[in-house]
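Letter by letter, the chains look like this.
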Amino acid sequence: AIESFRKVIYIIAVIAVDNDEDEQKALEALSIAREYILGLSIELQRRSLGAEEVQRNLELAAYFTKTKLIPSHRVNALQVAMNQSYKHKNFASASYFASEFLKIVTSGPRAEQAQKIKAKADTIARDAIEINFDPYVDFDICAATYTPIYKGSPSVSEALTGAKYQASEKGKLDKITLITSIGAPASGLRIRV
């Protein structure tokens, strides 16, 4: 899937359009491709962790829920975060993810499971493992380190897709496109003729 989304980025980088509507569609597709590559990369990183890396596992599961996926795909990220949080006794986090899940999936077996987890988690309402994740604060996710970039923190962007990075990543190869440099001065995508 990552390679398919990356191919979309490459195609958009070399096409030419002659009207606002097509340009907007291309920019939207570019944004979707960036978010899916970021989200899937975070999940692959989480799955590669050893069993002893519980804190990082919980953080990556939480960050995956913050990527801008379509709702039918976001529920999968929320379910993973909810289940991982509950499994590792992070009940406050499990309750939050269950609530977000139930905003999208309101009925059926998955909703019933989320309701049970939320009810149990709400009775305990604390986390056993502190993680670097605040669901109520808006932040970007660094596409290289998979860590939050809070508003006002130093960061750099990649010009083609707009992927955000920690300032320490400047000059390195972009992890989303694999062809551009992070923080390089550039005008960004120009496809309108």
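This section reports on the structure supplied with the text. Owing to the predicted nature of the structure, the values given are computational and were not obtained by experimental measurement.

1. So, the overall build of the protein chain
Point 1. Across its full length, the protein chain holds six helices and four strands.
Point 2. Of the regular secondary structure in the protein chain, the N- to C-terminal order runs α-α-α-α-α-α-β-β-β-β.
Point 3. The principal-axis extents of the C-alpha atoms in the protein chain amount to approximately 60 × 35 × 30 Å.
Point 4. For the protein chain, the proportion of its 193 residues judged to be buried stands at 42%.
Point 5. Total accessible area on the protein chain stands at roughly 10,300 Å², and carbon and sulfur atoms take up 53% of it.
Point 6. Between the mean site of the 25 positive side-chain charges and the mean site of the 23 negative ones, the protein chain shows a separation of 4 Å.

2. What to know about the environment of Leu49
Point 1. Turning to its location among the elements, Leu49 is positioned in the loop between helix H2 (20-47) and helix H3 (54-65).
Point 2. Residue classification places Leu49 among the buried residues on the basis of a relative accessible area of 16%.
Point 3. Sequence spacing of Leu49 and Glu100 is 51 residues, and the spatial spacing of their C-alpha atoms is 25 Å.
Point 4. When sequence neighbours within four positions are dropped, the list of residues in contact with Leu49 reads Arg56, Asn57 and Leu60.

3. As for the nonpolar core
Point 1. Core analysis: the biggest nonpolar cluster contains 53 residues, and Ile42, Phe97, Phe133, Tyr165 and Ile176 have the highest contact counts within it.
Point 2. Setting aside residues no more than four positions away along its own chain, Ile176 makes contact with Arg6, Ile9, Arg34, Ile37, Leu38, Ala143, Thr161, Ala163 and Tyr165.

4. Looking at the packing of aromatic side chains
Point 1. Applying the stated rule across the entire model yields 10 aromatic pairs.
Point 2. Taking 6.2 Å as the distance between ring centres and 80° as the angle between the ring planes, the aromatic pair formed by Tyr63 and Phe139 counts as edge-to-face. Linking Tyr63 in helix H3 with Phe139 in strand S1 (residues 139-141), this pair joins segments that are 76 residues apart in sequence. Phe139 shares its class with Tyr63; the two are buried.

5. Some remarks on the pattern of salt bridges
Point 1. Going through the model one piece at a time under the given rule, you end up with 13 salt bridges.
Point 2. Ionic pairing is found between Lys25 and Glu21, a salt bridge with its closest N-O pair at 3.3 Å. Separated by four residues within a single helix, Lys25 and Glu21 lie in helix H2, roughly one turn from each other.
Point 3. Where Glu23 meets Arg192, a salt bridge forms, and the shortest distance between an N and an O atom there is 3.9 Å. On the criterion of sequence distance, the pair formed by Glu23 in helix H2 and Arg192 in the segment after strand S4 (164-166) is long-range, its members being 169 residues apart.
Point 4. If you follow the salt bridges from partner to partner, you end up with Asp20, Glu23 and Arg192 in one network.

About the criteria used
Residues numbered from 1 in each chain as written. Predicted model: local features only at pLDDT ≥ 70, side-chain atom pairs only at ≥ 80, totals over all residues. Heavy atoms only, no water. Helix = DSSP H or I, 4+ residues; strand = E, 2+ residues; numbered from the N terminus. Buried < 20%, exposed > 50% of the residue type's maximum accessible area, 1.4 Å probe, protein only. Areas by Shrake-Rupley, 256 points an atom, 1.4 Å probe, with all protein chains shown as cover. Lys, Arg positive; Asp, Glu negative; His and termini not counted. Charge placed at Lys NZ, Arg CZ, Asp CG, Glu CD. Contact = heavy atoms within 4.5 Å. Core = buried A, V, L, I, M, F, W, Y, C linked by side-chain atoms within 4.5 Å. Phe/Tyr/Trp six-rings, centres within 6.5 Å; stacked < 30°, edge-to-face > 60°. Salt bridge = Lys/Arg side-chain N within 4 Å of Asp/Glu carboxyl O.

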